[in-house]
Amino acid sequence: MSARPTYASMDEVRAAIDALDAEIMPLMAARAHCIAEAARIKNDPDVALVPWRVEEVAANARALGERHGLDPALADRLWRAMMAEFIAHERALMERASKR
């Protein structure tokens, strides 16, 4: 884990958060593309949720969190929330495709 900076003001903290968000968003968009591809391949809203895969991804998030200095329990909660939103998005994509 690399050393993390100490900030002198809330303005610096906010600027750092904005910079991180700018780095995170392209990764989220790439993840959303993968979800759209999964929706296209699965093509069945009833299989959007794959419980064993949710657990596999959550376990990986906990391990990655710990490796990078993030509380594994927080990583788990964040990833589960993100996965729930992506699963809902995947289901919606498949439902829209089935109506065409």
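Please refer to the structure higher up on the page.
The structure contained in this document is the topic of the report that follows.

The rules behind the values
Residues numbered from 1 in each chain as written. Predicted model: local features only at pLDDT ≥ 70, side-chain atom pairs only at ≥ 80, totals over all residues. Heavy atoms only, no water. Helix = DSSP H or I, 4+ residues; strand = E, 2+ residues; numbered from the N terminus. Rg over C-alpha atoms; globule rule 2.2 N^0.38 Å. Buried < 20%, exposed > 50% of the residue type's maximum accessible area, 1.4 Å probe, protein only. Contact = heavy atoms within 4.5 Å. Areas by Shrake-Rupley, 256 points an atom, 1.4 Å probe, with all protein chains shown as cover. Axes fitted to C-alpha atoms, helices over the stretch in contact; angles between N-to-C directions. Parallel < 35°, antiparallel > 145°, perpendicular 65-115°, else oblique. Left-handed = near helix turned anticlockwise from the far one by under 90°. Patch = residues over 30% accessible without salt bridge, like charges linked within 9 Å, V, L, I, M, F, W, Y side chains within 5 Å. Salt bridge = Lys/Arg side-chain N within 4 Å of Asp/Glu carboxyl O.

Scanning the protein from N- to C-terminus turns up three helices and zero strands. Across the protein, helices and strands are ordered from the amino to the carboxyl terminus as α-α-α. At 17 Å, the protein has a C-alpha radius of gyration far larger than the 13 Å of a compact globule built from 100 residues. In terms of overall dimensions, the protein has a C-alpha envelope of 55 × 25 × 15 Å along the principal axes. Residues counted as buried form 18% of the 100 residues belonging to the protein. Taking the intrachain contacts of the protein between residues at least 6 apart in sequence as the baseline, contacts between residues at least 24 apart amount to 72%. Summed over its atoms, the accessible surface of the protein is roughly 7500 Å², and 61% of this surface lies on carbon and sulfur atoms.

A pair of packed helices can be characterised by two numbers: the angle between their axes and the separation between those axes. The interhelical angle for the contact between helix H1 (residues 10-42) and helix H3 (residues 72-98), taken along N-to-C directions, is 45°, at an axis separation of 9 Å. Taken together, the axis directions place H1 and H3 in an arrangement best described as oblique. Once H1 is placed against H3, the crossing between them reads as right-handed. In contact with Met28, Arg31, Ala32, Ile35, Ala36, Ala38, Ala39 and Lys42 of H1, H3 contributes Met82, Met83, Phe86, His89, Glu90, Leu93 and Met94.

We now examine the environment of Glu37. Within the secondary structure, Glu37 sits in helix H1. Residues Glu37 and Leu93, spaced 56 residues apart in sequence, show a C-alpha to C-alpha distance of 9.9 Å.

Summarising the element assignment, Glu90 is placed in helix H3. Leave out the neighbours within four places in its chain, and Glu90 touches Ile35, Ala38, Ala39, Lys42 and Ala48.

On the surface, Leu20, Ile24, Met25 and Met28 cluster together to form a nonpolar patch covering roughly 370 Å² of accessible area. Along the chain, the position of Ile24 falls in helix H1.

Here the focus is the pattern of salt bridges. In a structure, side chains of opposite charge can pair up when their charged atoms sit close to one another. Counted according to the given criterion, the structure contains six salt bridges. We note a salt bridge from Lys42 to Glu90, for which the minimum N-O separation is 2.9 Å. Pair noted here: Lys42 is in helix H1 and Glu90 is in helix H3, with a separation of 48 residues, a long-range link. Residue classification places Lys42 among the partly exposed positions, given a relative accessible area of 31%. Among the ionic contacts, a cluster of salt bridges with common partners joins Glu55, Arg62, Asp76 and Arg80.

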